[in-house]
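Observations on chain architecture
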Amino acid sequence: MSATLKPDLRNRIASLSAVTAAEFAAYIDRLPQHQDDYKSVLIRRVGFNANSTLEVDDDDLVTETFVIETRGKNSQTAESINDAIVDDLQALQGTNVGSSRTVMAVNVDDQTDGHEFDDFGDDSGNGIVTSTFTIMHVPQ
C-alpha cells in the first residue's frame, strides 16, 4: 500500500508561523464553500509514482507531485506566504514527515504568479502564486 504526504504537508503548512500570523488557512483538494479564499493555501496532488519492484508491490520509493496555490488579497501577500512555504518544504530533505515517511528529495518544479478577478470582473480579486513540487520519500 502506497503512502501519501498530503495530510502531513497540510498540517505542516497550516502550522507555519507566516501562515498563522497572516491568518491563512490550509486546505486539501478544494476550498470549503463560503470560505474567504483570499487567505488560503490549497494543496493538490497532481502526480504519483510508487516505484515498486517486480518482486513485490511495495512503497519503498514514492514520488509525488503537488501544486500549492496561495491566494492573498494582493500579490505581495500571496507571494510572501508562498515564499515561506517554499523555504519550509525545501528544508524537508532528509527529515521524517508524519509518523512513517522520510523525505529524500524536494524539487521546486515551477512557480507562477496570477490574478483572479472578483465576481464582477473588477481588479479587487485575489493575487495567486502557484508552486509545483516533486517530493520523493521512503518509509522510515
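Since this is a predicted model, take the numbers as computed values, not measurements.

**Observations regarding the overall build of the protein**
- Counting secondary structure elements, the protein contains three helices and six strands.
- Beginning at the N terminus, the succession of helices and strands in the protein can be written as α-α-β-β-β-α-β-β-β.
- A separation of at least 24 residues holds for 60% of the contacts in the protein among residues at least 6 apart in sequence.
- In the structure as shown, the protein presents an accessible area of about 7600 Å², 46% of it carried by carbon and sulfur atoms.

**Thoughts on the environment of Thr112**
- Checked against the element boundaries, Thr112 lands in strand E5 (residues 101–116).
- With 20 residues separating them in the primary sequence, Thr112 and Thr132 have C-alpha atoms 8.9 Å apart.
- Not counting the four nearest positions on each side in its chain, Thr112 is found in contact with Ile128, Val129 and Thr130.

**Details of the packing of aromatic side chains**
- Per the counting criterion, the structure on display carries zero aromatic pairs.
- A cation sits over an aromatic face here: Lys73 above Tyr38, 5.2 Å from the ring centre.

**What to know about helix H3 (residues 75–90)**
- Between its terminal C-alpha atoms H3 stretches 22 Å, which fits the 22 Å expected from 16 residues at 1.5 Å a residue.
- Those residues of H3 that sit buried are Ala78, Ile81, Asn82, Ile85, Val86, Asp88 and Leu89. Seen end-on, H3 carries its buried residues on one side only, within an arc spanning 165°. With respect to the buried face of H3, the exposed residues turned more than 90 degrees away are Gln76 and Asp87.
- The inward-facing, buried residues of H3 contact helix H1 (6–14), helix H2 (17–21), strand E2 (39–50), strand E3 (62–72), E5 and strand E6 (126–139).
- N-cap assignment for H3: the residue whose side-chain oxygen lies 3.2 Å from the backbone N of Gln76 is Asn74.

**Details of the nonpolar core**
- Among the nonpolar cores identified, the biggest contains 21 residues, and Ile13, Val41, Ile68, Ile85 and Ile135 are the most heavily contacted of them.
- Put simply, the parts of the chain that give this core at least two residues each are H1, E2, E3, H3, E5 and E6.
- Of the residues forming this core, the biggest block, four residues, is contributed by H3.

**Details of H1**
- Those residues of H1 not exposed but buried are Lys6, Leu9 and Ile13. Burial along H1 is one-sided: seen end-on, the buried residues are contained in an arc of 60°.
- In the core, the buried residues of H1 are packed alongside H2, strand E1 (25–28), E2, E3, H3 and E6.

**Some remarks on the side chain of Thr134**
- Mapping Thr134 onto the fold places it in strand E6.
- Within the structure, Thr134 has its side chain in polar contact with the side chain of Asp109 (distance 2.4 Å).
- Excluding residues that lie within four positions of it along the chain, Thr134 makes contacts with Thr63, Glu64, Thr65, Ala105, Val106, Asn107 and Asp109.

**Here we look at the sheet that holds strand E4 (residues 96–97)**
- Strand order in the open sheet formed by six strands is E1-E2-E3-E6-E5-E4, and the pairing between neighbours is mixed. The open sheet has two edge strands, E1 and E4, and neither has a second partner.
- Pairing analysis gives two bridges linking E4 to E5, with the strands arranged antiparallel. Bridge pairing links Asn96 to Thr102 in E5.
- Against the sheet, H3 contacts E2, E3, E5 and E6, and its axis sits at roughly 10° relative to E6.

Calculation rules
Residues numbered from 1 in each chain as written. Predicted model: local features only at pLDDT ≥ 70, side-chain atom pairs only at ≥ 80, totals over all residues. Heavy atoms only, no water. Helix = DSSP H or I, 4+ residues; strand = E, 2+ residues; numbered from the N terminus. Contact = heavy atoms within 4.5 Å. Areas by Shrake-Rupley, 256 points an atom, 1.4 Å probe, with all protein chains shown as cover. Phe/Tyr/Trp six-rings, centres within 6.5 Å; stacked < 30°, edge-to-face > 60°. Lys NZ or Arg CZ within 6 Å of the ring centre and 35° of its normal. Expected span 1.5 Å × (residues − 1). Buried < 20%, exposed > 50% of the residue type's maximum accessible area, 1.4 Å probe, protein only. Arc of directions from axis to C-beta. Polar contact = N/O pair within 3.5 Å; in protein donor to acceptor, adjacent residues only side chain to side chain. Core = buried A, V, L, I, M, F, W, Y, C linked by side-chain atoms within 4.5 Å. Pairing = 2+ DSSP bridges. Axes fitted to C-alpha atoms, helices over the stretch in contact; angles between N-to-C directions.

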